[in-house]
Amino acid sequence: MTIDGWDPARLPEQSGRVIAVTGANAGLGFFTSLQLARAGARVVLVCRDEMKAARARAAIQRLVRGADVSVVRLDTADLGSVRSAAKELSALDRLDVLVTNAGIVHPPRHRTVTADGLELVGATNHFGHFALVARLIDVLERTPGARVVTLGSLATRLVRLDADDLQLERRYTGWQAYAQSKIMSWSFGLELDRRLRAAGAETRALVAHPGYSITGRTPLVRGVNEPSTVERFVDNLQAVFTQGKDRGAWPTVRAAVDPLAQGGDSFGPRYRVKGAPVLETPAAVVRDPDVAAAIWAESERATGLSLLHP
Ligand SMILES: NC(=O)c1ccc[n+]([C@@H]2O[C@H](COP(=O)([O-])OP(=O)(O)OC[C@H]3O[C@@H](n4cnc5c(N)ncnc54)[C@H](OP(=O)(O)O)[C@@H]3O)[C@@H](O)[C@H]2O)c1
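To start, this report covers the structure provided alongside it. (Residues numbered from 1 in each chain as written. Predicted model: local features only at pLDDT ≥ 70, side-chain atom pairs only at ≥ 80, totals over all residues. Heavy atoms only, no water.)

**Points about the pattern of salt bridges**
Okay, step 1: For the structure on display, the rule yields 12 salt bridges.
Okay, step 2: Among the salt bridges present, the one from D4 reaches R254, with a minimum N-O distance of 2.9 Å. Taken together, the residues D4 in the segment before β1 (18-22) and R254 in helix α8 (residues 250-257) connect sequence positions 250 residues apart.
Okay, step 3: The class for D4 is exposed, based on a relative accessible area of 53%.
Okay, step 4: Taking the shortest distance from any N to any O, the salt bridge between D162 and R170 comes out at 3.3 Å.
Okay, step 5: Given the relative accessible area of 30%, D162 is considered partly exposed.
Okay, step 6: You can call R170 exposed: its relative accessible area is 61%.
Okay, step 7: Ionic contacts of the salt-bridge type, sharing partners, join the residues D4, R254 and D258 into one network. (Salt bridge = Lys/Arg side-chain N within 4 Å of Asp/Glu carboxyl O. Helix = DSSP H or I, 4+ residues; strand = E, 2+ residues; numbered from the N terminus. Buried < 20%, exposed > 50% of the residue type's maximum accessible area, 1.4 Å probe, protein only.)

**A few points about the pairing of strand β2 (residues 42-47)**
Okay, step 1: Most of β2 is tucked away, with 5 of its 6 residues classed as buried.
Okay, step 2: Strand direction decides the pairing type here: β1 and β2, joined by 5 bridges, are parallel. Pairing of V21 across the sheet is with L45, part of β2.
Okay, step 3: Since β1 and β2 lie parallel, the crossover through helix α1 (residues 27-38) that links them has a hand, and here it is right-handed.
Okay, step 4: In terms of strand pairing, β2 meets strand β3 (residues 69-73) through 5 bridges, oriented parallel. (Pairing = 2+ DSSP bridges. Right-handed = clockwise from strand over helix to strand, strands pointing away.)

**Concerning the sheet that holds strand β6 (residues 204-208)**
Okay, step 1: Here we have 8 strands laid out as an open sheet, ordered β3-β2-β1-β4-β5-β6-β7-β8, and mixed in their pairing. Each having just a single partner strand, β3 and β8 (277-279) make up the two edges of the open sheet. Within this sheet the neighbouring strands show an average axis-to-axis angle of 20°, counted without direction.
Okay, step 2: With respect to the sheet, helix α2 (residues 50-63) is in contact with β2 and β3, its orientation differing from that of β3 by roughly 165°.
Okay, step 3: Contacts from helix α5 (residues 174-198) reach β5 (147-151), β6 and β7 (266-269) within the one sheet, and its direction differs from that of β6 by about 155°. (Axes fitted to C-alpha atoms, helices over the stretch in contact; angles between N-to-C directions. Contact = heavy atoms within 4.5 Å.)

**Digging into the nonpolar core**
Burial of nonpolar side chains together is a common tendency in soluble globular proteins.
Okay, step 1: The biggest cluster of nonpolar side chains holds 52 residues, and the ones touching the most others in it are L89, L95, L136, L192 and L307.
Okay, step 2: Secondary structure elements with two or more residues in this core: β1, β2, α3 (79-90), α4 (120-141), α5, β6 and α10 (289-303).
Okay, step 3: The dominant element in this core, judged by the number of residues it contributes, is α4, at 11 residues.
Okay, step 4: In this structure L89 touches A20, V44, V46, V72, L132, L136 and V139, once residues within four positions along its chain are discounted. (Core = buried A, V, L, I, M, F, W, Y, C linked by side-chain atoms within 4.5 Å.)

**Looking at the packing of aromatic side chains**
Okay, step 1: Following the criterion strictly, the structure yields 5 aromatic pairs and no others.
Okay, step 2: Residues F130 and F188 carry aromatic rings whose centres are separated by 5.3 Å and whose planes lie at 50° to one another, so their mutual orientation is tilted. Placement of F130 in helix α4 and of F188 in helix α5 is noted, with a sequence separation of 58 residues between them. Across the pair, F188 and F130 agree in class, each one buried.
Okay, step 3: With a centroid separation of 6.3 Å and 15° between ring planes, the pair formed by Y212 and F241 is classed as stacked. Placement of the pair is Y212 in the loop between β6 and α6 (229-236) and F241 in the loop between α6 and α7 (245-248), with a sequence separation of 29 residues. (Phe/Tyr/Trp six-rings, centres within 6.5 Å; stacked < 30°, edge-to-face > 60°.)

**Observations regarding the site of the ligand**
Okay, step 1: Neighbouring the ligand are 26 residues; L28, R48, N101, Y178 and K245 lie closest to it.
Okay, step 2: Between an oxygen atom of the ligand and a side-chain N or O atom of K245, the distance comes to 2.7 Å.
Okay, step 3: About the coverage of the ligand: the protein hides 89% of its 890 Å² of free accessible area.
Okay, step 4: Elements represented by at least two residues in the shell around the ligand include exactly α1 and α5.
Okay, step 5: The residue inventory of the shell around the ligand, partitioned by class, reads 10 nonpolar, 11 polar and 5 charged. (Near = heavy atom within 4 Å. Polar contact = N/O pair within 3.5 Å; in protein donor to acceptor, adjacent residues only side chain to side chain. Areas by Shrake-Rupley, 256 points an atom, 1.4 Å probe, with all protein chains shown as cover. Nonpolar A, V, L, I, M, F, W, Y, C, P; charged D, E, K, R; others polar.)

**Describing α4**
Okay, step 1: Its 22 residues give α4 an end-to-end C-alpha distance of 30 Å, which sits within 8% of 32 Å, the value for a rise of 1.5 Å per residue.
Okay, step 2: Taking the largest bend as the criterion, α4 deviates by roughly 45°, centred on R135.
Okay, step 3: For α4, a buried count of 18 out of 22 residues is recorded, marking the element as mostly surrounded by other parts of the structure.
Okay, step 4: By the N-cap criterion, in which a side-chain oxygen at the helix start approaches the backbone nitrogen of a residue two or three places on, α4 is capped by E119, the distance to V121 being 3.0 Å. (Expected span 1.5 Å × (residues − 1). Bend = angle between axes of the 7 residues up to and from the residue.)

**Considerations on α10**
Residues spaced three or four apart along an α-helix point in a common direction, a consequence of the helix completing one turn every 3.6 residues.
Okay, step 1: In this model, α10 (15 residues) spans 21 Å end to end at C-alpha, consistent with the 21 Å of a helix rising 1.5 Å per residue.
Okay, step 2: The complete set of buried residues in α10 reads V291, A292, I295, W296, E298, S299, E300, A302 and T303.
Okay, step 3: Residues of α10 that are buried in the fold lie against α3, α4, α5 and α9 (284-287).
Okay, step 4: Just downstream of α10, G304 is the residue with a positive phi angle, here 70°.

The following block contains the structure:
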């Protein structure tokens, strides 16, 4: 299947390149890692649970002969864990692509705060990743043509952002927390690219979203994705507007390795919720430079880290 010259089943050769994926033990992160390993990349699974990460690593090695896969421990909701993971990742000889995929997709009903005092969903999905990028900017910049790929969502089109309440102290719902975290991730990806260019850096940032990708429509992978018969049945009832997470990984993989993709590009499924990965025009809110500035300022305050100032 080739769409505007890109075939997700025939990726450009990636041997010699190092790609780190957060939340790589399950779902989209696992399939992103698997597809990139298949293309020959050395893949680093950046995961919070070592047992789950070991199972994902074993699965990739089972499915891709000779795959070079390692694990780094990271809980994105813990800034101390981000510091340790970044130290390990910075010791790599190169980092060609960092995919910030980890995320809470089923947020708690009530506002929850991390040990660092941040709202949990925003901390997990965005602030932790902001801190990770801030701490990895040197290794990225010393790797020619490096990319950061952040994960957005269709949810960015469905809510109004309150840029004065990014920690959701005034009004919390699980849905608002999730959608807002994805607005922050997408906006951050686009602003990161603008700031990298302004700084004269060669590193680029791109964004991807997977449409609507669900477990029960995803291939069985022993130890990683084993949905029950009921989950398969229920999820297949939604077949018209969903896809598996193997396909949901396609836009991320394209953003990571399409040689023709440009910094600042966003990729999503051709039919919004499903389909081949194509260039997408992001929602107005994530293209708004004032919103991006507010998110950047709050990210620096929340993490205590400064990133890419003129
Ligand atoms: N599926 C969709 O349709 C969809 C749509 C739009 C956007 N997305 C985005 O795609 C990304 C992946 O979603 P998914 O559907 O693949 O979800 P998933 O199957 O639930 O996988 C989420 C991954 O993130 C990890 N994670 C969660 N909290 C973490 C933390 N504090 N530290 C480190 N890792 C953590 C999970 O690890 P554990 O296994 O340890 O929990 C798991 O590996 C998310 O950013 C999500 O917002 C998904």
